[in-house]
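In case you want the letters, here they are:
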Amino acid sequence: MKIIAVNTPQGMAEAGYELVQQTVEENKHPVLGMATGSSPLGIYALMRKNKLDVRHAITVNLDEYVNLSSEDKNSYHYFMNKQLFHHLSFAQTFIPNGMAQSLEEECKRYDNVIENHPIDLQILGIGENGHIGFNEPGTSFASGTHIVKLTDSTRQANRRFFEKEEDVPTHAITMGIASIMKAKQIALLASGLKKAEAIKTLLEGPVTEECPATVLRNHPNVVIIADRQALSLCSEESFHEHQQVFSISDLLSNSRVD
Ligand code: GLP
């Protein structure tokens with residue numbers, strides 16, 4: 001894994017955007033794995049601002065709440081429309097349907113979507129408990145798309161977006177860990193002290209299903225774009241072990257900072 005330490009939210013957005021831009025420009029039919037949450041907001045803002053030409057690109061989102069319609073302002077569908085899909089014209093966009101009559105069928109359908117559209121670049125945030133997508137601690141590393149019962153910690157972390165506690169969904173549909181690992185490249189974004197523990201475990205802890213993000217240590221092409229606060233609990237050794245790079249151009253030219 002490579003680490004890019006940034007000082008500002010803008011720095012995180014720019015580094016992430018460069019990867020997106022490179023993926024979109026270098027591939028004939030790029031497939032972008034999209035995440036929601038606050039971490040990728042800056043990247044999406046730059047995509048809008050620069051009017052990135054994505055007419056040939058396909059997006060595949062990570063997850064969605066169960067039982068929230070696309071008109072509900074807390075659904076990830078609504079989020080993607082607002083952030084990107086109403087502004088840029090993609091060739092095709094996919095989001096799991098949390099309103100499907102049969103959620104079991106929907107999981108199968110979504111696994112086919114992922115199979116038919118191999119992801120070139122997967123953008124990821126990270127939960128405070130180390131979840132990726134909505135793969136909560138204990139999820140099998142072999143999992144495909146599945147329905148998840150959200151943990152109290154995740155519901156609490158997402159509580160701020162909802163009016164009342166009971167409005168926070170109890171379940172979600174998420175791409176599985178095995179599907180995420182199939183992406184050719186993964187960029188994980190993290191900012192703030194709240195993520196420091198999860199980032200330390202990701203970089204230094206044992207690779208275990210108890211912290212889903214640790215699976216990324218088994219992936220050949222991962223870049224962690226994180227601010228100093230999110231990296232604050234990490235030891236010097238992890239910067240060396242995982243190779244700290246200063247920028248995306250360093251990353252691309254494979255240079256190493258010792
Ligand atoms: C949610 C999403 C995750 C996201 C996480 C972190 O639980 N399902 O995909 O990574 O929140 O969100 P944020 O970026 O807002 O910290």
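All values reported here derive from a predicted model rather than from experimental measurement.

## Focus: the overall build of the protein
A count of helical and extended segments in the protein gives nine helices and 11 strands. Compactness check: the protein gives a C-alpha radius of gyration of 17 Å against a globular reference of 18 Å for 258 residues, within 12% of the reference. Based on the C-alpha atoms only, the size of the protein along its principal axes is roughly 55 × 40 × 35 Å. Here the protein holds 258 residues, and the buried ones make up 55% of them.

## Some remarks on the pattern of salt bridges
Tallying each qualifying case throughout the model produces six salt bridges. The shortest N-O distance in the salt bridge between D53 and R55 comes to 2.7 Å. D120 is the salt-bridge partner of K184, the closest N and O atoms lying 2.8 Å from each other. Here the residue K184 occupies a position in the loop between α6 (177-181) and β9 (185-190), and D120 occupies one in the loop between α4 (103-116) and β6 (121-124), the gap between them amounting to 64 residues.

## Points about the pairing of strand β7 (residues 146-149)
The two faces of β7 differ: H146 and V148 on one face are buried, but I147 and K149 on the other face are not. Of the strand pairs in this sheet, β7 and strand β8 (residues 171-174) are connected by four bridges, and their pairing is antiparallel. By the bridge assignment, K149 is partnered in β8 with H171.

## So, the site of the ligand
Close to the ligand lie 13 residues, the nearest being S38, S39, D63, H131 and K195. With respect to the ligand, the side chain of Y76 contributes an N or O atom lying 3.5 Å from a nitrogen atom. Taking G133, its main chain carries an N or O atom lying 3.2 Å from a nitrogen atom of the ligand. Bound to the protein, the ligand loses 93% of the 390 Å² it would expose on its own.

## Some remarks on the packing of aromatic side chains
Summed over the entire model, instances satisfying the criterion amount to six aromatic pairs. With a centroid separation of 4.9 Å and an interplanar angle of 40 degrees, the aromatic rings of Y65 and Y76 are classed as tilted. Separated by 11 residues along the polypeptide, Y65 in strand β4 (residues 63-65) and Y76 in helix α3 (residues 76-85) bring together distant segments of the chain. Per residue, the accessibility class of Y65 equals that of Y76, and both read buried. Where Y65 meets F134, the ring centres are 5.5 Å apart and the plane angle is 45 degrees; that geometry is what we call tilted. Placement of the pair is Y65 in strand β4 and F134 in the loop between β6 and β7, with a sequence separation of 69 residues.

## Focus on the packing of helix α2 (residues 41-49) against α3
α3 packs onto α2 with a crossing angle of 40 degrees between their chain directions and a minimal axis gap of 9 Å. Judged by the angle between their axes, α2 and α3 are oblique. Counting all contacts with α2, which are made through L41, Y44, M47 and R48, the residues of α3 involved are F79, M80, Q83 and L84. Of the residues in the contact of α2 with α3, the class split is six nonpolar, one polar and one charged.

## Things to note about unusual backbone geometry
One can expect most non-glycine residues to show negative phi and most peptide bonds to be in trans. In this model, K51 sits at a positive phi of 45 degrees, which is unusual for a non-glycine residue. Structurally, the position occupied by K51 is in the loop between α2 and β3 (58-61). What makes K51 exposed here is its relative accessible area of 67%. Its identity as a non-glycine residue notwithstanding, N67 has a phi of 75 degrees, on the positive side. Inspection of the secondary structure puts N67 in the loop between β4 and α3. A residue is classified by how much of its surface remains accessible, and N67, at 61% relative accessible area, is exposed.

## Here's the deal with the sheet that holds β3
Pairing within the open sheet is parallel, and its eight strands lie in the order β5-β3-β2-β6-β9-β10-β1-β11. Only two strands of the sheet have a single neighbouring strand rather than two, namely β5 (92-94) and β11 (244-245). By the bridge criterion, two bridges tie strand β2 (residues 31-34) to β6 in an arrangement that is parallel. Each bridged residue has a counterpart across the sheet, and for L32 the counterpart in β6 is L121. In the packing of α4 onto the sheet, contacts are made with β3 and β5, and the angle to β3 comes to roughly 140 degrees.

## Observations regarding the sheet that holds β7
Across the sheet, three strands lie side by side as β4-β8-β7; this open sheet has antiparallel pairing. Either end of the sheet is taken by a strand with one partner, and the two such strands are β4 and β7. When the angles between neighbouring strand axes are averaged without regard to direction, this sheet yields 25 degrees.

Thresholds applied
Residues numbered from 1 in each chain as written. Predicted model: local features only at pLDDT ≥ 70, side-chain atom pairs only at ≥ 80, totals over all residues. Heavy atoms only, no water. Helix = DSSP H or I, 4+ residues; strand = E, 2+ residues; numbered from the N terminus. Rg over C-alpha atoms; globule rule 2.2 N^0.38 Å. Buried < 20%, exposed > 50% of the residue type's maximum accessible area, 1.4 Å probe, protein only. Salt bridge = Lys/Arg side-chain N within 4 Å of Asp/Glu carboxyl O. Pairing = 2+ DSSP bridges. Near = heavy atom within 4 Å. Polar contact = N/O pair within 3.5 Å; in protein donor to acceptor, adjacent residues only side chain to side chain. Areas by Shrake-Rupley, 256 points an atom, 1.4 Å probe, with all protein chains shown as cover. Phe/Tyr/Trp six-rings, centres within 6.5 Å; stacked < 30°, edge-to-face > 60°. Axes fitted to C-alpha atoms, helices over the stretch in contact; angles between N-to-C directions. Parallel < 35°, antiparallel > 145°, perpendicular 65-115°, else oblique. Contact = heavy atoms within 4.5 Å. Nonpolar A, V, L, I, M, F, W, Y, C, P; charged D, E, K, R; others polar.

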